[in-house]
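# Structure at a glance
Spelled out from the first residue to the last, the chains are:
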Amino acid sequence: AQGIRTVDLPGYPVRLARLVMRLPSPVAQRLIGPRMAAARSGRAPSARRDMERGRSEIGTLNGAVVKAGRRLNIPVPMNEALLELVENLAAHPEKRVDLSSNPGRLLSLLQDRGVQI
């Protein structure tokens, strides 16, 4: 809606990944998942390291999507839910235990905020 083009990142073909994500989920996960896991090289995501320090870049990243969605009158429920959830978890580390190794709880929280999964 903003006319922003997708660009590849160093060592990762984002444009191709975007096309693959249009496939049915099981197919897309098989094609993209192993490559994403290999790119991590066993390191924790920077978002996790930031969270452990009580901070998050989500306000900048997902927050920008939320602002653009509101400005353009385009619903962005996943970004709104993630923004709220991660900012809350960064501010309240004791709440992280509830989600640790519990993807079902995370899905439930997202669905409670209107995200269709």
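Read on for a plain summary of the structure. (Residues numbered from 1 in each chain as written. Predicted model: local features only at pLDDT ≥ 70, side-chain atom pairs only at ≥ 80, totals over all residues. Heavy atoms only, no water.)

### Observations concerning the side chain of Asn 62
Put simply, the rule is: Numbering of helices and strands runs from the N terminus, with a helix taken as a DSSP run of H or I at least four residues long and a strand as a DSSP run of E at least two residues long. Residue contacts follow a heavy-atom distance rule, with two residues in contact if any of their heavy atoms lie within 4.5 Å.
Residue position: Asn 62 is located in helix 4 (residues 58-72). Excluding residues within four positions of it along the chain, Asn 62 makes contact with Asn 79 and Leu 82.

### Things to note about the packing of helix 5 (residues 77-91) against helix 6 (residues 103-112)
Our working rule: Axis lines are fitted through C-alpha atoms, for helices just across the contact stretch, and the angle between N-to-C directions can take any value from 0 to 180 degrees. Crossing handedness: left-handed means the near helix sits turned counterclockwise from the far one by under a right angle, and right-handed means the same turn made clockwise.
Contact geometry for helix 5 and helix 6: axes closest at 9 Å, N-to-C directions at 120°. Handedness of the helix 5/helix 6 crossing: right-handed. Contact residues: Met 78, Ala 81, Leu 82 and Leu 85 in helix 5; Leu 106, Leu 109 and Leu 110 in helix 6.

### Thoughts on the nonpolar core
We count it as follows: Only buried Ala, Val, Leu, Ile, Met, Phe, Trp, Tyr and Cys residues count toward a nonpolar core, and they belong to the same one when joined by side-chain atoms within 4.5 Å. Exposure classes here rest on a 1.4 Å probe applied to the protein chains alone. A residue is buried below 20% of its type maximum, exposed above 50%, and partly exposed in between.
If you look at the biggest cluster of nonpolar residues, it comprises eleven residues: Met 51, Ile 58, Val 66, Val 76, Leu 83, Leu 85, Val 86, Leu 89, Ala 90, Leu 99 and Leu 109. Residue contributions to this core peak at five residues, all from helix 5. Residue contacts for Leu 85: discarding those within four places in its chain leaves Leu 99, Leu 106 and Leu 109. Counting residues in each nonpolar core, the second largest holds five residues, with Tyr 12, Ala 17, Val 20 and Ile 32 among its members.

### Some points on unusual backbone geometry
Residue Asn 73 is not a glycine yet carries a positive backbone phi of 60°. By secondary structure assignment, the location of Asn 73 is in the loop between helix 4 and helix 5. Residue Asn 73 is classed as exposed on the basis of its relative accessible area of 70%. Of note in the backbone geometry, Ser 101 takes a positive phi value of approximately 55° without being a glycine. Within the fold, Ser 101 resides in the loop between helix 5 and helix 6. You can call Ser 101 exposed: its relative accessible area is 75%.

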